[in-house]
Amino acid sequence: MAAALRLGIAGLGTVGVGVVRIIRRQAEMLSMRTGRDIVISAVSARDASKDRGVPLGDYAWESDPVALAQRDDVDVFVELMGGSDGAAKDATEAALAAGKDVVTANKALLALHGTALAEAAEAAGRVIRFEAAVAGGIPVIKSLTEGLAGNEITRVMGVMNGTCNYILTRMENAGLPYDTVFQEAADLGYLEADPTLDVGGIDAAHKLALLSAIAFGTKPNFDGIAIEGIERVSIDDIRQAADMGYRIKLLGVAQQSARGLEQSMQPCLVPASSPLGQLEGGTNMVVIEGDAVDQIVLRGPGAGEGPTASAVMGDICDLARGLHIPTFGQPAATLKAAPAATAALPAPYYLRLTLADKPGALAKLASALGQAGVSINRMRQYAHDASEAPVLIVTHKCTRDALDSALAALAASDVVLSQPVALRIEDL
Ligand code: NAP
Ligand code: HSE
């Protein structure tokens, strides 16, 4: 049997403890499957005195994750601390410089520094694996880099933040307003320490940046993603969407066109009967379209100790077997810098506006839309008693540029009282 693969694990929170548990519970099975033992040499976290519910006495303790990453008895540095900078970045760079492969669940780190880290890994003859960083327990990175390697990928999209999907489906199923369900999610411990990472669409956009890089052979371009969160989605929007046969999802879409790389992470209406429309609670779903395979749909838990540790273990087992696929599926030097483009394909849009209830307000609205080339398909004005008139509109297909120009004209007018909600309707 080959020499044991020796791990240094930095971060003993939800995911780190999950990885330690699997290695302890499944040692024999892992050894049979990979042909060598997988052992933990050393671990690191901030608080050495914390009871983490798992025995750690067999492992050396390092208070400094950089020192852990550089240890001679560590072959693979497993980064499970989180954060786009600071300890996670320093220790990852130190591990690569010391000639170690890296396994991480850290989407923020790779979305923002992925190109430089992939280049550093390659210069050192090592790789970074990050299955757990995208859609938790779903093996989507492996699907793209291995099972679908013979395809030119045409589009990837999906629901990649379980917290947002929980909030949106809970609002719909219980008829509760956003603020109430947000608080519920907080009480259940679903939200990131900084909740705007979840509800602002940033966490999901980090994941989309990584998927795009692998799918299209491009450098991760987080800044090129058009991001909008779910904070402004109201129970009225959800009810209206349901009335029309749609559900609202925080949907990430990436595709390459002649104009560049189109990446968006925003609430969209999807048909209620589609696989994405049927997704409930904290579950994630990724849809991949390729020229040969057509379309595949992957669904599963996007977070939590077991699912995330499962993905980390998949990467560790690959390294134990000697599989060294480049970080983003192809050599870092061949990754293209893709210019960001806004979605060119026209789509219908759902609009919710609050109009001043005065003569001519509706006419000004229709005129602004018409002058921008945006045609109204359906319109509804709810009963109201104050001086504000809520108006819901579904447009015929139009480009985002045309819609934005109509919204800009309306913002400068005296009839729209608050920033309109504009959601793309994806007929998947
Ligand atoms: P967590 O529960 O907050 O645990 C973080 C761990 O890192 C803690 O053990 C903490 O030590 C340690 N740590 C933080 N800063 C450190 C430092 N400067 N030096 C040494 N140790 C440090 O986080 P988590 O939920 O396990 O997430 C870990 C990573 O997985 C993140 O990148 C996250 O985005 C990613 N991820 C998580 C999930 C999930 O479901 N939780 C899903 C997918 C991806 P102390 O315990 O001593 O404070
Ligand atoms: N906050 C993330 C989510 C955790 O809700 O999906 C997993 O990345």
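Everything that follows concerns the structure shown earlier in this document.
Quick look at the structure, then. (Residues numbered from 1 in each chain as written. Chains lettered and ligands numbered in written order. Predicted model: local features only at pLDDT ≥ 70, side-chain atom pairs only at ≥ 80, totals over all residues. Heavy atoms only, no water.)

1. A word on the side chain of Glu262
Note on placement: Glu262 falls in strand 10 (residues 260-271). Of the side chains with opposite charge, Arg259 comes closest to the buried, unpaired Glu262, at an N-O distance of 4.2 Å. A distance of 3.2 Å separates polar atoms of two side chains, one belonging to Glu262 and the other to Ser257. (Helix = DSSP H or I, 4+ residues; strand = E, 2+ residues; numbered from the N terminus. Buried < 20%, exposed > 50% of the residue type's maximum accessible area, 1.4 Å probe, protein only. Lys, Arg positive; Asp, Glu negative; His and termini not counted. Salt bridge = Lys/Arg side-chain N within 4 Å of Asp/Glu carboxyl O. Polar contact = N/O pair within 3.5 Å; in protein donor to acceptor, adjacent residues only side chain to side chain.)

2. Some words on the site of ligand 1
Taken together, 23 residues sit near ligand 1, with Leu12, Val15, Asp47, Arg52 and Gly304 positioned nearest. Within the contact set of ligand 1, an oxygen atom lies 3.0 Å away from a backbone nitrogen or oxygen of Arg46. Note that an oxygen atom of ligand 1 is positioned 3.0 Å from one of the side-chain N or O atoms of Lys50. Broken down by class, the residue content of the shell around ligand 1 amounts to 10 nonpolar, eight polar and five charged. (Near = heavy atom within 4 Å. Nonpolar A, V, L, I, M, F, W, Y, C, P; charged D, E, K, R; others polar.)

3. Topic: the site of ligand 2
Taken together, Lys107, Asn161, Gly162, Thr163, Glu192, Asp198, Asp203, Lys207, Gly302 and Ala303 make up the full set of residues adjacent to ligand 2. The side chain of Lys107 places a nitrogen or oxygen atom 2.6 Å from an oxygen atom of ligand 2. Lys207 has a polar side-chain atom sitting 2.8 Å from an oxygen atom of ligand 2. Counting only elements with at least two residues in the shell around ligand 2, the list comes to helix 7 (162-174) and helix 10 (202-216). A class-by-class count of the residues in the shell around ligand 2 yields one nonpolar, four polar and five charged.

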